[in-house]
Amino acid sequence: MLVAKAKQTLVAVLGGAMSMHAATVSAEYGLNLPRGVTPISRDAYDMHMLVFWVCVAIAVVVFGAMFISIVRHRKSKGVKPAQFHESTAVEIVWTIVPFLILVGMAIPATKALVAMEDTSNSDLSIKVTGYQWKWGYDYIDDGISFVSSLSTPKEQIYDQQSKGENYLLEVDNPLVVPVNKKVRLLVTANDVIHSWWVPELGMKKDAIPGFINEMWIKVEEEGTYRGQCAELCGKDHGFMPIVVVAKNDEDYGKWLMAQKTASDAEAAAAERDWSMQELMERGEKTYTTYCAACHQGNGEGVPGAFPALKGGKITTGPSSEHLNLVINGKAGTAMAAFGGQLSDVDLAAVVTYERNAWGNNTGDMVQPSEVKAAR
Amino acid sequence: MSEAHGGYYVPHGTTWPIVGSIGLTTLVVGFANYLNGSSSGMPVMAVGLGIVLLMMFGWFGVVIRESESGLYNDQVDKSFRWGMSWFIFSEVMFFAAFFGALYYARILSVPWLGGADVSTNEFLWNGWEAAWPTNGPGEIGGEFETMGAWGIPAINTLLLLSSGVTVTFAHWALKKGNRGPLVLWLLATVILGFTFLGLQMYEYGHAYHELNLTLGSGIYGSTFFMLTGFHGMHVTIGAIMLTIIMLRCIKGHFTADRHFAFEAVAWYWHFVDVVWLGLFIFVYML
Amino acid sequence: MSTATTHDAHHEEHPGGLLRWVFTTNHKDIGTLYLLFSLLMFMVGGAMAMIIRAELFQPGLQFVEPQFFNSMTTMHALIMIFGAVMPGFVGLANWLVPMMIGAPDMALPRMNNWSFWILPFAFAMLLSTLFMEGGAPASGWTMYPPLVLQTGDAFPFLIFSVHLMGISSIMGAINIVVTIVNMRAPGMNLMKMPLFVWTWLITAYLLIAVMPVLAGSVTMLLTDRFFETSFFNAAGGGDPVMFQHIFWFFGHPEVYIMILPAFGIVSQIIPTFARKPLFGYSSMVYATASIAFLSFIVWAHHMFTVGMPLTGELFFMYATMLIAVPTGVKVFNWVSTMWKGSMTFETPMLFAIGFVVLFTIGGFSGLMLAITPVDFQYHDTYFVVAHFHYVLVTGAVFSIMAAAYYWMPKWTGNMYDERLGKLHFWLSTIFVNVLFFPQHFLGLAGMPRRIPDYAVQFTEFNQISSIGGFAFGLTQLLFVYIVYKTIKGGEKATDQVWEGAHGLEWTLSSPPPYHSFTTAPEVK
Ligand code: HEA
Ligand code: HEA
Ligand code: CUA
Ligand SMILES: [Cu+2]
């Protein structure tokens, strides 16, 4: 096909010359929209190709006429200019013909759009919540929920380590869906607007705080599909990928069971008292995943944007206030309410950690039961 | 026609615009610093405001002198008229943004939050029902009461409507060359305008202290105060301009067929009037 | 009977020194100020684009931190739009409208001075945010809440600089409307006006209608942040998406504000070098008016993914597609004007032809974006970035360059260096395509916009794009040199300058007298 050929040539000519750096990484560049693995993505792809070719055809006609004129109608060839400058007939023709072409495109586009927006009769609903800068998934019918954030190490981002194959497109906990089921996604956000997008699933929906947008996907092939947040959401907007794993019914069932077991264990863990060491270990992990993006790993924050927690007034003040702030966040700032995102254990651990790390040696411990009471 | 062209007054050199720019910039830089919590904000703002006022006095002064000394021919007069009309149109569009916000909230966002959008309501604001007036599902600012339409707002409507009539009477008087009634009708207009403002201030006090209706009262408070507030600001400007026109009339400015400034202010006043009618209907009544 | 007023009598004595530029009320002086300011801002905005392209040259973070990258994107766009393109067009209007309609000056000369002299202050304020705590605004030029509300100390400065730019634009636009409706020479009826004047008349209406709406929307941001209002807060009954509606009600007409004067320029240049009258003058006027009208009812095509009701999406898709019709009429008329002409290809004509081809490509990608079901895929990717740079850089900016080459001999009295001009054109055209064409592929392949770092499969095209970007940027230094050289001297230009040029501005001397037409010319 033409596109494929153009791709080869382009890459040979341009890419070859300047791939001195890129040669180290496996690069599978796309030139066109992926056709994708859902009915929606295929509709989008077909519409895309239709409109593309219509535009190419019109371009050939318009630029062709212009090119002929440029070649032939030159002063240097001794052409005397014609003096015509008006024709109502042609003006009408070139108003009506493009209009009809547009109608021809609008009809299939309308059909595709109506299908895309129809979220009824779904088999499964998952709530998707955007946070600065990670995604939360709640399986509404199965009662499991988890948070999914970037797993590419910082060293790769800062060029201290060579980049992996799925650089920036890998997460700790992917969204898992069953194949061939109509999955309804309820998209919302907790802080600022994000947008959930996986190209091969064919749909993008903005996650608006305070509102829920619906979309549906029906993945027809098992596999792993990668996408990214598509609405500017602050400093780490480029670092909140989405990974969807589509599993067959059996594997999906197994995965679901494992998740349920894990969440039961977590619930049980919230009931007991934790030791300082346990809390600190758990807290460090939680801190790195959730808080370090802003307050930095060393707790020193970013002056002017994110306050230092090392020696901070709150982190070394009364622990109840500290806990409160982390649970409820601070309205109107980037400091989100983590009460909704983190479990009692995580909250207890992270607060304990912040109160004792980086020389904040307050010696305070916060237990999951205190978090429960404080909520 | 060519006569008029040859005589089109083109001033040479002007100092006031740059003064205006410096003043405006000082004003907003001060305000921004104030908002950022700097104590230098307010004084800087005051200086900026002073410069802007100085610029206005200076600039208008020059224009008035030129006008009175007959430098402006009919074509210049027409330029001013067109200019003023399109300025007022731009003001209409400014208010349109806020009316747009009001309609959007009433017709779309509040109903969506309150159940028209099923999942939004079910998963995020369960149990909350759409209503108007409202401070939203988060009940921002706490419970509040609204201002009844038929108290002060209705009186204010009457005041502004009659001021529209009195300013028209003043215009007629000017066109007939009756200077006495001209000043009296203008005085009446000014008094009506300032009375409106007084009542509006009272109303705001009442809202803040007794009804707990504030800027912070969710979307209702936001649209209510921003719309009426910007309107009030425009009434203030209009009333000050009317006062100046009145003083100029007392000094003997304007003739029966040459009084652009008078008309410009009258148009402005009518515009303020019409905006109020919109407010009365869409903010207070419906 | 040259002048009847006392002031004009001593118009020979030009105020001298630098202060002349601060106090001037002359449309040519102010036009020059606008144009130079625009060039300066193009350099500043371009330098920021170079930072963007440098960071995107390869995956990983090399030069700047993500937050600063976002600031660069935001400032680049604000400066290019409000500082480079819009003042560029206003500068052209200042220079040309009075000369084209046979007027002595702009209708409101003092206000004209103020319109310009707000801008340096507004941009100084905007640029000063780079040094503030929390950094410059980093929420994109679209300033969507709630993200923009997280801006640091820069926040109120951002809002107020937008207010100031708005005041400047509104005053400038009012001045242009009034000049056009009230200052035309006898016989210059509306349907005889040059198309540049027509397109600016319509543009000015757009400006007056939408700049106040922008002012309103950012005012709401300000009160949401500082005065407890809840316009964009769902908990208070508002909606973050409401901002987007209000913003794009301004924003979409805004993009036509940046292209209609370009249409006017090209409609002046092509007939001159085709030595043939513009084809379909009246349909050009109607098409411009239709585009302007339609531009008010398509805004939500920027928001197809926000979750609008289906009927809304359909309406905005259909309305947006319709714009292709009047725009097509324009393109067809330009081609017909060239058809059977007697063409020569001096630099302005080259840029005009470059404009027609490349703008049309940008228009086509616009049409693709209008198809809602596929915009779900395109939205917020580099496909959109490619689209709008084709219409903005090879559209708006190319037209401003075409205009500069076309009228510079008139303004300065000197011919520019044709050889360098052509070189500038060819280098620009080649590199701008190397710069922006690969971005289509990036977008389709899934690269989101506004990211400082990207997955490895996007490396090649980003490198190509960056190299094109640096080369295009360097090429613009050539333009600066050409302008400088022309102002300094060169072959003297004749009054008509171009063999095929028609219109009142060519009847004046080159350079024209300080007051364009002190006696109104007769227009037949
Ligand atoms: C000068 C500026 C300019 C111009 C002229 C245009 C012109 C058009 N634009 Fe563009 N646009 C922008 C500047 C501009 N745009 C910017 C800055 C953005 C991004 C903003 C941001 O998010 O930051 C944007 C984004 C944007 C989007 C949103 C994309 C997204 O974010 O998802 C859409 C969607 O519909 C769109 C559509 C169009 C259309 C249909 C036109 C039409 O006017 C084009 C019409 C022209 C033609 C079609 C070509 C000529 C016609 C023919 C030869 C006739 C025959 C043709 C046919 C029948 C097909 N534009
Ligand atoms: C009229 C408007 C305009 C113009 C002229 C340009 C011109 C350019 N733009 Fe821009 N751009 C926008 C409007 C414009 N842009 C908008 C609205 C956005 C969206 C912002 C947002 O998402 O909020 C955007 C976003 C944008 C992005 C996406 C950023 C992102 O999503 O994070 C990129 C990336 O490549 C880019 C690149 C460029 C380049 C390389 C140029 C070049 O054409 C610039 C060339 C000019 C120069 C380079 C200056 C002259 C030369 C010098 C000063 C000498 C120094 C030169 C060197 C060192 C080589 N622009
Ligand atoms: Cu989340 Cu971008
Ligand atoms: Cu648009």
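Worth saying up front: this structure is predicted, and the values here are computed from it rather than measured.

With that settled, consider the overall build of chain C. The number of helices and strands found in chain C is 17 helices and zero strands. The C-alpha atoms of chain C give a radius of gyration of 23 Å, which matches the 24 Å a tight globule of 524 residues would have. By its C-alpha atoms, chain C is 70 × 50 × 45 Å across when sized along the principal axes. Taken over 524 residues, chain C has a buried fraction of 76%. Split by element, the accessible area of chain C, about 13,500 Å² in all, is 71% carbon and sulfur. Charge-centre separation for chain C: the mean point of 20 positive side chains lies 12 Å from the mean point of 26 negative side chains.

The interface is formed by 102 residues belonging to chain C together with 104 residues belonging to chain A. Between chain C and chain A lies a buried interface of about 8,700 Å² when both sides are counted; carbon and sulfur atoms form 70% of it. Run the count over chain C and chain A and you get two salt bridges. For the salt bridge of Glu231(A) with Arg450(C), the shortest nitrogen-to-oxygen distance reads 4.0 Å. Considering each element in turn, the side of chain C that touches chain A owes the most residues, nine residues, to helix H12 (residues 324–338) of chain C. Of the residues contributing to the side of chain C that touches chain A, the split by class is 58 nonpolar, 30 polar and 14 charged.

This part covers the confidence of the model for chain C. Per-residue pLDDT for chain C averages 92, and the proportion of residues at 70 or more is 97%. Predicted confidence for residues 1–12 of chain C stays below pLDDT 50, and this span has 24 contacts to residues more than four positions away or in other chains.

Quick look at the coordination of the iron atom of ligand 1 now. Exactly one protein atom donates to the iron atom of ligand 1; that atom is His387(C) (NE2), 2.1 Å from the metal. The metal-metal distance between the iron atom of ligand 1 and the copper ion (ligand 4) comes to 4.6 Å.

Residues and elements named next belong to chain C. Around the copper ion (ligand 4), the protein supplies His252 (ND1), His301 (NE2) and His302 (NE2) as donor atoms, at distances of 1.8 to 2.1 Å. Between consecutive donor residues of the copper ion (ligand 4), the sequence gaps follow H-x48-H-H. Classification of His252 by relative accessible area gives buried; the value is 3%. Under the relative-accessibility criterion, His301 is labelled buried at 13%.

On to a nonpolar patch on the surface. Taken together, the side chains of Ile92(A), Ile96(A), Phe99(A), Leu100(A), Val103(A), Ile107(A) and Leu322(C) present a nonpolar region at the surface, about 600 Å² in accessible area. Per-element accounting of the nonpolar patch gives the leading share, six residues, to helix H3 (residues 88–116) of chain A. With respect to the helices and strands, Leu322(C) occurs in helix H11 (residues 310–322). Judged by its relative accessible area of 33%, Leu322(C) is partly exposed.

Residue and element names in this part refer to chain C. Taken together, 33 residues form the shell around ligand 2, and within it Arg53, His76, Trp141, His389 and Arg450 come nearest. Arg53 places a polar side-chain atom, nitrogen or oxygen, 2.8 Å from an oxygen atom of ligand 2. Between an oxygen atom of ligand 2 and a side-chain N or O atom of Arg449, the distance comes to 3.0 Å. Mapped by element, the contributors of at least two residues to the shell around ligand 2 are helix H3 (27–55), helix H4 (66–101), helix H15 (382–412), helix H16 (418–445) and helix H17 (459–488). In terms of residue class, the shell around ligand 2 is built from 22 nonpolar, eight polar and three charged.

Thresholds applied
- Residues numbered from 1 in each chain as written.
- Chains lettered and ligands numbered in written order.
- Predicted model: local features only at pLDDT ≥ 70, side-chain atom pairs only at ≥ 80, totals over all residues.
- Heavy atoms only, no water.
- Helix = DSSP H or I, 4+ residues; strand = E, 2+ residues; numbered from the N terminus.
- Rg over C-alpha atoms; globule rule 2.2 N^0.38 Å.
- Buried < 20%, exposed > 50% of the residue type's maximum accessible area, 1.4 Å probe, protein only.
- Areas by Shrake-Rupley, 256 points an atom, 1.4 Å probe, with all protein chains shown as cover.
- Lys, Arg positive; Asp, Glu negative; His and termini not counted.
- Charge placed at Lys NZ, Arg CZ, Asp CG, Glu CD.
- Contact = heavy atoms within 4.5 Å.
- Buried area = accessible area lost by both parts, 1.4 Å probe.
- Salt bridge = Lys/Arg side-chain N within 4 Å of Asp/Glu carboxyl O.
- Nonpolar A, V, L, I, M, F, W, Y, C, P; charged D, E, K, R; others polar.
- pLDDT = per-residue confidence, 0-100.
- Donors = N, O, S within 2.8 Å, 3.2 Å for Na, K, Ca; no water.
- Patch = residues over 30% accessible without salt bridge, like charges linked within 9 Å, V, L, I, M, F, W, Y side chains within 5 Å.
- Near = heavy atom within 4 Å.
- Polar contact = N/O pair within 3.5 Å; in protein donor to acceptor, adjacent residues only side chain to side chain.

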